[in-house]
Amino acid sequence: MGIQGMELCAVAVVILLFIAVLKQFGILEPISAEDSCDPDVELPTARHPPEGLEQLLARTKFTKTELQSLYRGFKNECPSGLVDEETFTLIYSRFFPHGDASSYAHFLFDAFDADRNGALCFQDFAVGLSVLLRGTEQQKLRWTFDLYDVNKDGYVSKEDMLEIMKSIYAMMGQPAPGHSAPAQHVELFFQKMDRNGDGVVTFEEFLATCQEDKDIMSSMQIFHSVL
């Protein structure tokens, strides 16, 4: 697979598989007639209660009815109001029985754990899902860049990208960690993305390169009708 294919895979797998995890949790379900005819219901109480409905309406691009439906699913599967990384990884790993998804699940969990407290609450899911499903192309690419920025220093280094690539190969049950394919993809990634040749990729470089790639940009359009 060429570098464009790996970039497309890396961007699309983030969104597709996160949606699959939400469906496995029962969080992302079609909005029912019961939901739509009960517009005045507020978000119910949980051991770790979410933000109020009005705050989440302001922070996301979901309607009141959509947020209520999402929360019903979340509350049913996560009565405490929190999902820890171990649970998230166990659910995520079910989609890759022939690979090891633990490293990629860790990076994905980290990307949604906005307050870095080691647990995902409903607002983490709602805000992240809003970006992936209803965000602008730039917002989706910003989210993906932040996923690639493993040490959260504002840049994607070769070390960051190698960790991501190894985790994708492991998840798909591809080469062993010592195999050269992940490193080769990292080099190709940097040849394309590192426009000034300084050894790191900034968000501006990442954004400009992705926006010039029709395959990557078309992948951003697939998910508008999921919910």
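About the criteria used
- Residues numbered from 1 in each chain as written.
- Predicted model: local features only at pLDDT ≥ 70, side-chain atom pairs only at ≥ 80, totals over all residues.
- Heavy atoms only, no water.
- Helix = DSSP H or I, 4+ residues; strand = E, 2+ residues; numbered from the N terminus.
- Buried < 20%, exposed > 50% of the residue type's maximum accessible area, 1.4 Å probe, protein only.
- Contact = heavy atoms within 4.5 Å.
- Areas by Shrake-Rupley, 256 points an atom, 1.4 Å probe, with all protein chains shown as cover.
- Phe/Tyr/Trp six-rings, centres within 6.5 Å; stacked < 30°, edge-to-face > 60°.
- Lys NZ or Arg CZ within 6 Å of the ring centre and 35° of its normal.
- Salt bridge = Lys/Arg side-chain N within 4 Å of Asp/Glu carboxyl O.
- Expected span 1.5 Å × (residues − 1).
- Polar contact = N/O pair within 3.5 Å; in protein donor to acceptor, adjacent residues only side chain to side chain.
- Axes fitted to C-alpha atoms, helices over the stretch in contact; angles between N-to-C directions.
- Parallel < 35°, antiparallel > 145°, perpendicular 65-115°, else oblique.
- Left-handed = near helix turned anticlockwise from the far one by under 90°.

S.K.: I keep staring at the overall build of the chain and nothing clicks. Help me out?
M.R.: Each helix and strand counted, the chain has twelve helices and four strands in total. A total of 227 residues make up the chain; the buried ones form 47% of that total. Counting only contacts in the chain whose residues sit at least 6 apart along the sequence, the fraction spanning at least 24 positions is 69%. For the chain, the accessible area works out to roughly 10600 Å², and carbon and sulfur atoms hold 52% of it.

S.K.: What exactly am I supposed to notice about the packing of aromatic side chains here?
M.R.: One pass over the structure, following the stated rule, counts eleven aromatic pairs. Seen from their ring centres, tyrosine 71 and phenylalanine 74 are 6.4 Å apart, and the 25° between their planes marks the pair as stacked. Of the two residues, tyrosine 71 and phenylalanine 74 both sit in helix H4 (residues 64-77), three residues apart, roughly one turn of that helix. Aromatic ring contacts, followed pair by pair, group Phe145, Tyr148, Phe189, Phe190, Phe203 and Phe206 into a single cluster. A cation over a ring is seen here: arginine 142 above phenylalanine 203, with NZ or CZ 4.3 Å from the ring centre.

S.K.: Even after reading the chapter, I still don't get the pattern of salt bridges, so can you show me in this structure?
M.R.: Think of it this way: side chains of opposite charge can pair up when their charged atoms draw near. Counted by the stated rule, this structure contains five salt bridges. Among the salt bridges present, the one from glutamate 66 reaches arginine 134, with a minimum N-O distance of 3.0 Å. Of this pair, glutamate 66 sits in helix H4 while arginine 134 sits in helix H7 (residues 122-134); the two residues are 68 residues apart in sequence, bridging distant segments of the chain. Arginine 142 serves as the salt-bridge partner of aspartate 146, at 3.1 Å between the closest nitrogen and oxygen. In this pair, aspartate 146 and arginine 142 are both assigned in helix H8 (residues 137-148), four residues apart and thus about one turn of the helix distant. Taking relative accessible area as the criterion, arginine 142 reaches 33% and is therefore assigned partly exposed.

S.K.: Please explain unusual backbone geometry as it appears in this structure.
M.R.: Where the residue is not glycine, phi is negative for most of them; where a peptide bond is considered, it is trans in most cases. Of note, the phi angle at arginine 116 is positive, near 55°, even though the residue is not glycine. The residue arginine 116 is located in the loop between helix H6 (102-112) and strand E2 (119-121) in this model. The phi dihedral of lysine 152 falls on the positive side, at around 60°, and the residue is not glycine. In this structure, lysine 152 sits in the loop between H8 and strand E3 (156-157). For lysine 152, a relative accessible area of 34% gives the class partly exposed.

S.K.: Would you take a moment to explain H4 for this structure?
M.R.: Given 3.6 residues per helical turn, the α-helix brings residues three or four places apart onto the same face. In this model, H4 (14 residues) spans 20 Å end to end at C-alpha, consistent with the 20 Å of a helix rising 1.5 Å per residue. Those residues of H4 that fall on the buried side of the exposure criterion are Thr65, Glu66, Leu67, Gln68, Ser69, Leu70, Tyr71, Gly73 and Phe74.

S.K.: What is the right way to read the side chain of aspartate 213 from this model?
M.R.: Within the secondary structure layout, aspartate 213 lies in the loop between helix H11 (203-211) and helix H12 (214-219). Reaching out from aspartate 213, the side chain makes a polar contact with the side chain of lysine 192 at a distance of 2.8 Å.

S.K.: How should the packing of helix H5 (residues 85-93) against H6 be read in this particular structure?
M.R.: The description of two helices packed together rests on the angle between their axes and the distance between the axes. The geometry of H5 relative to H6 is characterised by a closest axis approach of 9 Å and an angle of 125° between their N-to-C directions. Classed by the angle they form, the pair H5 and H6 counts as oblique. Our pair here, H5 against H6, has a crossing hand that is right-handed. Contacts between H5 and H6 involve Glu85, Phe88, Thr89 and Tyr92 from the first element and Ser102, Tyr104, Ala105, His106, Leu108 and Phe109 from the second.

S.K.: Sorry, what's going on with the environment of cysteine 210 here?
M.R.: Inspection of the secondary structure assignment puts cysteine 210 in helix H11. Here cysteine 210 is in contact with Leu141, Met193, Ile216 and Met217, once residues within four sequence places are set aside.

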